[in-house]
Amino acid sequence: MLLIGNGRLVTRDASDPFMDNGAVVCDGALIKEVGDFYELKEKYPDAEFVDAKGGVIMPAFINAHEHIYSAMARGLSINGYDPKGFLDILDGMWWTIDRNLDNELTRLSAMATYIDCIKNGCTTIFDHHASFGEISGSLFAIEDAARELSVRTCLCYEISDRDGKEKARASVKENVDFINHVKENEKSGDDMVKAMMGMHASFTISDETMELCMKEKPSDVGCHIHVAEGIYDLHQCLKEHGKRIVDRLYDWGVLGEKTLLAHCIYINPHEMELIKDTDTMVVHNPESNMGNACGCPPTMELCKRGILTGLGTDGYTHDMTESYKVANVLHKHHLCDPNAAWTEVPEMLFEGNAGIAGRYFKTPIGKLKEGYAADVIITDYIPLTPMNASNINSHVLFGMNGRSVVTTICAGKILMKDRELKVTDEEKVLSEVREGAGKLAARING
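The structure contained in this document is the topic of the report that follows. (Residues numbered from 1 in each chain as written. Predicted model: local features only at pLDDT ≥ 70, side-chain atom pairs only at ≥ 80, totals over all residues. Heavy atoms only, no water.)

Aromatic rings considered in pairs are described by the distance between their centres and by the relative angle of their planes. Enumeration according to the criterion identifies eleven aromatic pairs in this entry. Between F37 and F49, the aromatic rings sit 5.5 Å apart at their centres with planes inclined by 25°, giving stacked as the arrangement. One end of the pair, F37, is in helix 1 (residues 37–43); the other, F49, is in strand 4 (residues 48–51), with twelve residues separating them in the sequence. Note on F37: relative accessible area 5%, which makes it buried. Look at F203 and Y232: their rings are 5.5 Å apart centre to centre, the planes differ by 90°, and that puts the pair in the edge-to-face class. (Phe/Tyr/Trp six-rings, centres within 6.5 Å; stacked < 30°, edge-to-face > 60°. Helix = DSSP H or I, 4+ residues; strand = E, 2+ residues; numbered from the N terminus. Buried < 20%, exposed > 50% of the residue type's maximum accessible area, 1.4 Å probe, protein only.)

Moving on, we come to helix 15 (residues 426–445). Quick reminder: α-helices carry 3.6 residues per turn. Residues three or four places apart thus point the same way. Compared with an ideal rise of 1.5 Å per residue, which puts 20 residues at 28 Å, helix 15 spans 28 Å between its outermost C-alpha atoms and is within 8% of the ideal. Listing the buried residues of helix 15 in full gives E426, V429, V433, G436, L440 and I444. Taken down its axis, helix 15 places every buried residue within 95° of arc, on the same side. Among the exposed residues of helix 15, those pointing more than 90 degrees away from its buried face are E427 and R434. Against the buried residues of helix 15 lie helix 2 (86–98), helix 3 (103–119) and strand 18 (420–421). (Expected span 1.5 Å × (residues − 1). Arc of directions from axis to C-beta. Contact = heavy atoms within 4.5 Å.)

This part takes up the pattern of salt bridges. Counted according to the given criterion, the structure contains 31 salt bridges. Between K173 and D177 there is a salt bridge, with its nearest N and O atoms 2.6 Å apart. Of this pair, K173 and D177 both sit in helix 5 (residues 165–186), four residues apart, roughly one helical turn. Looking at D177, the relative accessible area reads 28%, which means it is partly exposed. Connected via shared salt-bridge partners are R74, D116 and R403. (Salt bridge = Lys/Arg side-chain N within 4 Å of Asp/Glu carboxyl O.)

Secondary-structure assignment places P338 in the loop between helix 12 (320–335) and helix 13 (344–358). The class for P338 is exposed, based on a relative accessible area of 58%. In this structure the C-alpha to C-alpha distance between P338 and E435, which are 97 residues apart in sequence, comes to 46 Å.

A separate point is the pairing of strand 1 (residues 2–10). In terms of burial, strand 1 is a largely internal element, seven of the nine residues being buried. Both strand 1 and strand 4 contribute to a ladder of four bridges, which runs parallel. Counterpart to L3 in the pairing with strand 4 is F49. Two strands pair when backbone bridges link them, and strand 1 and strand 5 (residues 56–59) are joined in this way by two bridges, in the parallel orientation. Within strand 5, the position partnered with L9 by the bridge is I57. (Pairing = 2+ DSSP bridges.)

Once that is clear, we can look at the environment of L260. If you trace the backbone, L260 turns up in strand 12 (residues 260–263). Take L260: its relative accessible area is 0%, and that puts it in the buried class. Expressed as a C-alpha distance, the spacing of L260 and A64, which sit 196 residues apart in the sequence, is 8.8 Å.

On to the nonpolar core. In terms of nonpolar packing, the biggest core is built from 119 residues, with Y114 and V227 touching the most fellow members. In contact with V227, not counting residues within four places along its chain, are D233, I245, V246, L249, L261, A262, H263, C264, I265 and I267. The next biggest cluster of nonpolar side chains, apart from the first, holds 18 residues, and it includes L2, I4, M19 and V406. (Core = buried A, V, L, I, M, F, W, Y, C linked by side-chain atoms within 4.5 Å.)

One open sheet accounts for five strands, arranged 10-11-12-13-14; its pairing is parallel. Two strands lie at the open edges of the sheet, namely strand 10 (197–201) and strand 14 (309–311), each paired on one side alone. Sheet twist, expressed as the average angle between the axes of neighbouring strands with direction ignored, equals 25°. As judged from the four bridges shared by strand 10 and strand 11 (residues 223–227), these two strands associate in the parallel manner. Residue pairing in the sheet places M197 in a bridge with C223 of strand 11. (Axes fitted to C-alpha atoms, helices over the stretch in contact; angles between N-to-C directions.)

Attention now moves to the side chain of S171. Mapped onto the elements of the fold, S171 is located in helix 5. With relative accessibility at 0%, the residue S171 sits in the buried group.

Next up on the list: the sheet that holds strand 7 (residues 122–127). Taken in spatial order, the four strands line up as 6-7-8-9 in an open sheet, and their pairing is parallel. Taken across any chain shown, the strands that pair with only one partner, and hence form the sheet edges, are strand 6 (61–66) and strand 9 (193–195). Adjacent strand axes in the sheet meet at a mean angle of 15°, parallel and antiparallel pairs treated alike. Contacting strand 7, strand 8 (152–155) and strand 9, helix 4 (residues 138–149) runs over the sheet at an angle of about 170° to strand 8.

This part takes up empty space enclosed by the protein. This model, assessed by the stated rule, comprises two cavities of 30 Å³ or more. Every residue lining the largest cavity is listed: R12, M58, P59, A60, F61, I62, L349, F350, A354 and G366. Listing elements by their share of the lining of the largest cavity, those giving two or more residues are strand 5, strand 6 and helix 13. At three residues, the largest contribution of residues to the lining of the largest cavity is made by helix 13. In terms of residue class, the lining of the largest cavity is made up of eight nonpolar, one polar and one charged. Taken together, F86, H200, A201, F203, H226, E229, G230 and D233 form the lining of the second largest cavity. Counted by class, the lining of the second largest cavity contains three nonpolar, three polar and two charged residues. (1 Å grid on protein atoms, 1.4 Å probe; cavity = no way out; pocket = protein on both sides within 12 Å on 5 of 7 lines; lining within 4 Å. Points joined across faces, edges and corners; volume = space filled by probe spheres on them. Nonpolar A, V, L, I, M, F, W, Y, C, P; charged D, E, K, R; others polar.)

Nothing here speaks to function; it is all geometry.
This is the structure we're talking about:
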């Protein structure tokens, strides 16, 4: 049993959102009680005490769209890479990387990403994977890393025709094999690893492959797919299929409450209605959209329409507060409205992401509340100005960043304490990652 206390407590529970000196009691993987620090310390004298030292105690973050396979891209220079647009970025950088990944490099990429997530207080990660250098077994390699580091994750493999029909079929099989594997684990009560049917994007998936995807996909899982991230995706769909992207996905039965659409930049009001009517989820990735010069999605309108919308990083960062900051200024700038995004973005991060997780994980996530997952972080942020229930988000937005996190707990297990990883030998693992990154760079540049 853990007692996490002696700090300002942010619960994300509307009935009692903030306590000046609060505590959380974790019994196994779940939260047993939340309340006043001194009262709970007296009530549970034998619990292991985790001291917040006056910092902020809050629920761990959730990332609704990651790309583990991009972990070794940082600083990578690829010969001849000079992108003129988004398609050049995809083929010249990201597809070049994933074509050179084998399962060992994939596992190391997962270790690096999950370690960074832990350091930034993120314990639930929805990943969208691609490694066309070695497809079979790649999701299982990522699962090994997730279980070693004790993080909660939902995985899928990116189905695409870009490297031919054989690899497209192998991608479908990897998804199905992993989905079935997860279902077997669920029989014994496992709730830490989940699976979806991954798809790259409409413009790289033929009707033949789309038919195979939907035929093989179990009915109780959804799809995780990039939608209208670049304008070419829309133009190609109109030209090749005579319809817009969301209409095509609707016609194939892709949409639904278990399906997650990433980006949705070039969609119109009709498509928004389809997304809303089918209760499909959307995830916004502001830094990636800006960095790839793809454009700004109509995210504020999606929120206004009541579409379940979350926040992701697209592998651009593993710091959810960074995505919060960028989304906040992006939509103000784009709409020329200083009042835009004040409520929508934190709702996406703290409520939308929890709602998305709730459609896959049985254990409720995202609040410090009895019966919820014991996913707790402590930051070293001690405010200089008054902090209360009405201004919590402002303190997170302007006062914190991911590396403010000093302690990370997932399912009642301490993953990091006082910035020291407790679940692996960080120095050894990162040495292996550096060696792997060197091999990848050598493969790519010959």
